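Close look at the chain arrangement
Read off the chains here:
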Amino acid sequence: MSYTSFNPPVRTLMGPGPSDVHPRVLTAMARPTIGHLDPAFIAMMEEIKGLLQYAFQTGNALTIPISAPASAGMEACFVNLVEPGEKVVVCINGVFGARMKENIERAGGVPIVVEDAMGTPVSPDKLEDALKTHRDARIVAFVHAETSTGVQSDAKTLAGIARHHDCLTIVDTVTSLGGSPLKVDEWGLDAVYSGSQKCLSCTPGLAPLTMNDRAVDKIKQRKTRVQSWFLDLNLVMGYWGSGKRAYHHTAPINTLYGLHEALAMLQEEGLEHSWARHRHQHLALRSGIEAMGLSFLVRESARLPQLNAIVVPEGVDEAVLRNRLLNDYNLEIGAGLGALAGRIIRIGLMGYGANMKNVMYCLEALEAVLADMRAPIRTGVAMNAAQNVAVPN
Ligand SMILES: *Cc1c(COP(=O)(O)O)cnc(C)c1O
């Protein structure tokens, strides 16, 4: 067999991630690879730390990208902070909360589950009750933005409750970072991880992570060794720390060029402006979706602007719908996961992809295909409805 180069189709990515990557980020990634201990590279690593502190709104010294997908950011938090036998309260209202539970178990911890239905936010009252019942728990874990359902939980309130009960928080901000308000220091979040490919619009493969001194102290006081060598933050800090660098692994040089560019773009735009842009584009999409007669899974107050879970209309096979959007329109949207498979579609408006061009294109394509599938929708009104609330980028 002889293979030629791989030329991917040009798609519009409006699923749960990866999101459309800005040409500036792709261009940055094509720059020459240099050594990972080259002083020029180390200077760039320092800039990334500063840019991530801005994105997370934190002064935490331990603010770095883990050299692996967001799932490794999740795993890094659990393997470093959870010791065998420790109780961890984990809030589950979707797929990623369930993965946190699995991480706790694999780290030898004892999960105490606070469960809320898919499509609803984590209940602060239920968390409070669990912490009153399990007074020996020292960690609370929850997902800020549940990408599986399009739900945003009140991270500030949940973290306040955890702190009141003397617990550290582990918070998944994979889909919130850059897309909706996230204030690590002000809200008192202790260990926070994210991903590069959602609202930062970088390519997948990096997991921004930040931990405050409370979390770092817990790691330093461990009685047992962190079971993962690669994710042991004591070792990772020797590589990313500000002193003399010790070889740990070879950083993904060019992917980090991309992250640097994506974060520089976020800073140029301004965090508040980026949050507002995601919200405005969501409102435009919502207006069009509702004008068509479709409805959202999540109640308005808990909706995540950057991930829109829309109920599949009666009689429509959503797999056929998604395939047609991909094949006929080069448009990727997401399927429902777990209990919501077949019942919802998920439309992402993340990072660079949260713009009017994508909103209008998605509404147009969705309407055309749904109408062709004889779905019970109103046609000819969605684009106007979106335009009426649209705010230019
Ligand atoms: C996408 C996502 C992850 C996992 O990210 P990967 O980069 O695929 O490992 C974790 N949590 C949430 C909330 C996500 O949306």
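You'll find the protein chain entered in an unreviewed UniProt entry as Alanine--glyoxylate aminotransferase, with Sulfuricaulis limicola given as the organism. We quote the UniProt Cofactor (unreviewed entry) comment for the protein chain here in full: "pyridoxal 5'-phosphate". Checking UniProt for the protein chain, the heading Sequence similarities (unreviewed entry) contains the comment "Belongs to the class-V pyridoxal-phosphate-dependent aminotransferase family."

1. As for the UniProt feature "modified residue: N6-(pyridoxal phosphate)lysine" (unreviewed entry) in the protein chain
UniProt records the feature "modified residue: N6-(pyridoxal phosphate)lysine" (unreviewed entry) at Lys198, using the numbering of this structure. Here Lys198 is to be found in the loop between strand S9 (191–193) and strand S10 (207–211). Residue class for Lys198 comes out buried when judged on its relative accessible area of 10%. Setting aside residues no more than four positions away along its own chain, Lys198 makes contact with Pro16, Gly17, Ser19, Thr147, Val174, Thr175, Met350 and Gly351.

2. Digging into helix H2 (residues 39–56)
With 18 residues, H2 extends 26 Å from end C-alpha to end C-alpha; this agrees with the ideal 26 Å at 1.5 Å per step. Taken as a whole, H2 has its buried residues at Phe41, Met44, Met45, Ile48, Lys49, Leu51, Leu52, Ala55 and Phe56. Of the residues flanking the end of H2, it is Gln57, one or two places downstream, whose phi is positive at about 55°.

3. Quick notes on the domain arrangement of the protein chain
Looking at the assigned domains, one finds that the protein chain contains domain 1 (23–268) and domain 2 (270–387). Taking the mean C-alpha position of each, domain 1 and domain 2 sit 28 Å from one another. Between domain 1 and domain 2, roughly 2,100 Å² of surface is buried when both sides are summed, and carbon and sulfur atoms account for 64% of that area. Its largest share of buried area at the contact with domain 2, domain 1 owes to Met118, Gly150 and Gln152, together 19% of the area lost on that side. If you look at where domain 1 meets domain 2, you find zero salt bridges. Here domain 1 and domain 2 share eleven residue pairs in polar contact (both at pLDDT 80 or more) between them. Counting residues per element, the ones that place at least two in the side of domain 1 that touches domain 2 are H2, strand S6 (145–146), strand S7 (151–152) and helix H10 (253–269).

4. A look at the pairing of strand S3 (residues 87–92)
Along S3, five of the six residues are buried, which leaves the element largely enclosed by surrounding structure. Bridge count for S3 against strand S4 (residues 110–115) is six bridges, and the pairing is parallel. By the bridge assignment, Cys91 is partnered in S4 with Val114. As a crossover connection, the stretch from S3 through helix H4 (residues 95–106) into S4 is right-handed. Here three bridges tie S3 to strand S5 (residues 139–143), and the two strands are oriented parallel to one another. Paired with Val90 across the two strands is Ala141, which belongs to S5.

Conventions we followed
Residues numbered from 1 in each chain as written. Predicted model: local features only at pLDDT ≥ 70, side-chain atom pairs only at ≥ 80, totals over all residues. Heavy atoms only, no water. UniProt positions renumbered as here; feature names shortened; annotations may be inferred. Helix = DSSP H or I, 4+ residues; strand = E, 2+ residues; numbered from the N terminus. Buried < 20%, exposed > 50% of the residue type's maximum accessible area, 1.4 Å probe, protein only. Contact = heavy atoms within 4.5 Å. Expected span 1.5 Å × (residues − 1). Domains from an automatic or database assignment. Buried area = accessible area lost by both parts, 1.4 Å probe. Salt bridge = Lys/Arg side-chain N within 4 Å of Asp/Glu carboxyl O. Polar contact = N/O pair within 3.5 Å; in protein donor to acceptor, adjacent residues only side chain to side chain. Pairing = 2+ DSSP bridges. Right-handed = clockwise from strand over helix to strand, strands pointing away.

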